[in-house]
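Tertiary structure, described
The chain contents come next:
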Amino acid sequence: MTFVKACALSELEDDTPKRVEFDGIPVSVVRTGGEVFAINDICSHANVSLSEGEVEDCAIECWLHGSSFDLRTGKPSGLPATRPVPVYPVKIEGDDVLVSVTQES
């Protein structure tokens, strides 16, 4: 598993998603409840950036149609989305937020 720096921890505001991109993969990095999560930034229902949505109760809401996705699992909590979005492992090293978007073979 290869981890790449996404941003500095000090750049993240609580419950405010930050969009980053790794080799064409859009990722939303979110600090909430004292933890940091990384979730694919594209809603599985529509091609919409999740980082433009709101974060509440460890979920990120798609601003267009209102589906929420669990930041831990990527699973949607209700319609219109029915498919989960990928979530990615996160490590914190000092002030660096590291994310792995590589697939294990």
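A short tour of the structure in this document, coming up.

Parameters and conventions
- Sequence order sets the numbering: in each chain, residues are counted from 1 along the sequence as written.
- The model is predicted, so local features are restricted to residues of pLDDT at least 70 and side-chain atom pairs to those at 80 or more, both for listing and for counting; the totals for chains, interfaces and linings are taken over all residues.
- With hydrogens and water set aside, each side-chain value is computed from the structure's full complement of heavy atoms.
- Two strands pair if DSSP finds at least two bridges between them.
- Elements are defined by DSSP. Helices are runs of H or I of four residues or more, strands are runs of E of two residues or more, and each kind is numbered from the N terminus.
- Lines fitted to C-alpha atoms define the axes, with helix axes restricted to the stretch in contact, and inter-axis angles between N-to-C directions lie between 0 and 180 degrees.
- Residues enter a patch when their relative accessible area is above 30% and they make no salt bridge; the linking distance is 9 Å between like charges and 5 Å between nonpolar side chains (Val, Leu, Ile, Met, Phe, Trp, Tyr).
- Exposure was quantified through the Shrake-Rupley algorithm and a 1.4 Å probe, taking into account, for residues, occlusion by the shown protein chains and nothing else.
- Just to be clear on terms, a salt bridge is a Lys or Arg side-chain nitrogen sitting within 4 Å of an Asp or Glu carboxyl oxygen.
- For the charge count, each Lys or Arg is scored as positive and each Asp or Glu as negative, with His and the chain ends excluded.
- All charge positions are set by atom: Lys at NZ, Arg at CZ, Asp at CG, Glu at CD.
- The term polar contact refers here to a pair of N or O atoms within 3.5 Å; inside protein, the definition further demands a hydrogen-donor-capable atom paired with an acceptor-capable atom, and it admits residues adjacent in sequence only when both atoms are side-chain atoms.
- By definition, residues are in contact when any of their heavy atoms lie within 4.5 Å.
- Only protein chains enter the accessibility calculation, which uses a 1.4 Å probe; a residue whose area is less than 20% of its type maximum is buried, one above 50% is exposed, and one in between is partly exposed.
- Note on aromatic pairs: the rings of Phe, Tyr and Trp (six-membered ring only in Trp) are paired at centre separations within 6.5 Å, and the planes decide the class, stacked below 30 degrees, edge-to-face beyond 60, tilted for the rest.
- To sit over a ring, a charge needs its Lys NZ or Arg CZ within 6 Å of the ring centre and within 35 degrees of the ring normal.

A sheet is described by the order of its strands in space; here 3 strands give the open sequence 1-10-9, paired in antiparallel fashion. With one partner strand each, in any of the chains shown, strand 1 (4–8) and strand 9 (90–93) form the two edges of the open sheet. Sheet twist, expressed as the mean angle between neighbouring strand axes with direction ignored, is 30 degrees. Direction of pairing for strand 9 relative to strand 10 (residues 96–99): antiparallel, over a ladder of 4 bridges. Paired with Lys-91 across the two strands is Leu-98, which belongs to strand 10.

So, on to a negative patch on the surface. Side chains of Asp-15, Glu-54, Glu-56, Asp-57 and Glu-61 sit close together on the surface and give a patch of like negative charge. Its location among the elements puts Asp-57 in the loop between strand 5 (55–56) and strand 6 (59–61).

Another point: the side chain of Ser-67. Looking at where Ser-67 falls in the secondary structure, it is placed in the loop between strand 6 and strand 7 (68–70). Looking at Ser-67, its side chain comes within polar contact range of the main-chain oxygen of Gly-78, at 3.4 Å. A polar atom in the side chain of Ser-67 sits 2.9 Å from the backbone nitrogen of Ala-81. Discounting residues that sit within four places of it in the chain, Ser-67 has contacts with Ile-60, Glu-61, Cys-62, Gly-78, Leu-79, Pro-80 and Ala-81.

This brings us to the pairing of strand 4 (residues 35–40). With 5 of 6 residues buried, strand 4 is to be regarded as a mostly interior element. Pairing of strand 3 (residues 25–32) with strand 4 involves 6 bridges; the strand directions are antiparallel. The partner of Val-30 across the bridge, within strand 4, is Phe-37. Where strand 3 folds back on strand 4, the antiparallel hairpin that results is connected by 2 residues, among which Gly-33 adopts a positive phi of roughly 55 degrees. In the sheet, strand 4 pairs with strand 8 (residues 87–88) via 2 bridges, with the strands oriented antiparallel. Within the sheet, the bridge partner assigned to Ala-38 lies in strand 8 and is Tyr-88.

Bringing the packing of aromatic side chains into the picture now. One pass over the full model with this rule turns up 0 aromatic pairs. One Lys or Arg, Lys-91, reaches over the ring of Phe-3 and ends 4.5 Å from the middle of that ring.

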